[in-house]
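# Inside the fold
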Amino acid sequence: MATTEASIPDPKATLHRYLIIGREALLWKLEGLSDYDMRRPLVPTGTNLLGLVKHVAAVGVGYFGECLGRPFPEPEPWYADDAPPNADMYATKDETRDDIFGFWDRAWKHADATIEALPLDTPGHVPWWGERADTSLHMLLVHMATETYRHAGHADILREQLDGTIGHRKANSNLPDGDEEFWSSYYATVEREAAAFRS
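Residues numbered from 1 in each chain as written. Predicted model: local features only at pLDDT ≥ 70, side-chain atom pairs only at ≥ 80, totals over all residues. Heavy atoms only, no water.

### Some details on the nonpolar core
Our working rule: The nonpolar core is taken to be a set of buried Ala, Val, Leu, Ile, Met, Phe, Trp, Tyr and Cys residues, with the residues joined through side-chain atoms within 4.5 Å. Partly exposed residues are those whose accessible area sits between 20% and 50% of the maximum for their type, while under 20% is buried and over 50% is exposed, using a 1.4 Å probe and protein chains only. Put simply, DSSP H or I for four residues or longer makes a helix, DSSP E for two residues or longer makes a strand, and each gets a number counted from the N terminus. Contact between two residues is taken to exist if any of their heavy atoms lie within 4.5 Å; hydrogens are not considered.
Counting residues in hydrophobic clusters, the biggest one holds 45 residues, and the most contacted among them are Phe64 and Trp108. Secondary structure elements with two or more residues in this core: helix H1 (11–28), helix H3 (49–63), helix H4 (97–117) and helix H5 (137–163). The element contributing the most residues to this core is H3, with ten residues. Ignoring sequence-local partners within four residues, the contact set of Trp108 consists of Leu19, Arg23, Val56, Ala57, Gly60, Phe64 and Met144.

Here you go:
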C-alpha cells in the first residue's frame with residue numbers, strides 16, 4: 001500500500017512524543033522508592049536512579065537551551081568549574097528529592113517550549129561535539145530521545161535489582177505476563193543455555 005504525504009506523521013511531533021514517553025518511563029522507575037533507594041549506587045560506576053533523573057534533565061537543559069540560543073534561566077552548579085566529577089549524576093545530601101523533581105519539571109517545561117516554538121531545521125551549536133558542533137533541532141531531538149531511552153534502560157535494570165519491579169512503563173510493561181515461578185524458570189533456562197559456553 002503506497003503512503004501518501006498526508007499519512008506520514010509530523011516528524012517533530014513524533015520525535016517530541018517519543019522523547020516525552022522516554023522521560024515518563026525514566027521517572028516512573030523512581031515511583032514508591034525511599035530516598036535512600038533512589039540515591040544509592042547499585043553498580044561499581046555509581047549509577048543511581050535519582051542521579052539519572054538529574055542528569056537527563058541537566059543535559060536536556062543544555063541541548064534545548066544554550067545550544068539553541070535559549071539559555072535556561074537558572075544556574076547549574078554541577079557544571080561549575082569547581083564541581084566534583086560527575087556532579088550531575090547523583091544527588092548530594094543537600095539536594096532533596098523535591099529539589100531534583102522540581103528541576104526536572106522546570107527543565108522540561110523550558111525544553112518543551114523550545115521544541116514547540118522552533119522548526120526542525122533551526123540551527124543549533126553543541127561545542128562539545130567537535131566537528132559536528134553545528135547541528136539542528138532535528139538532530140538534538142533525535143539525540144535526546146535516544147539518550148533518554150538509554151538511561152531509562154539503565155533505570156529499568158537498577159529498579160529490578162532493588163525490588164523486582166520491571167517493565168517499559170506503567171501503562172505497558174512490554175514484557176510477557178509471568179509470575180515469580182515463570183521468571184525463575186525463564187532465568188534457569190537462560191542460565192542453562194549460557195552454561196554450555198562456560199570455560
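We are not done yet, so read on.
### Overview of the environment of Ala107
Looking at where Ala107 falls in the secondary structure, it is placed in helix H4. Along the sequence, Ala107 and Val59 sit 48 residues apart, while their C-alpha atoms lie 9.3 Å from each other. Beyond its immediate sequence surroundings of up to four residues, Ala107 is in contact with Ala57, Val61 and Phe72.

### Thoughts on the pattern of salt bridges
Stated formally: By definition here, a salt bridge exists when the distance from a side-chain nitrogen of Lys or Arg to a carboxyl oxygen of Asp or Glu is within 4 Å.
Under the definition given, this model contains ten salt bridges. Ionic pairing is found between Arg97 and Asp35, a salt bridge with its closest N-O pair at 3.1 Å. Of this pair, Arg97 sits in helix H4 while Asp35 sits in helix H2 (residues 35–39), placing them 62 residues apart in sequence. Under the relative-accessibility criterion, Arg97 is labelled partly exposed at 25%. Overall, the relative accessible area of 36% leaves Asp35 in the partly exposed class. Of the charged contacts in the structure, one is a salt bridge between Arg192 and Glu193, with a shortest N-O distance of 4.0 Å. You can call Arg192 exposed: its relative accessible area is 51%. Taken together, the salt bridges that share partners define one network made up of Asp35, Arg39 and Arg97.

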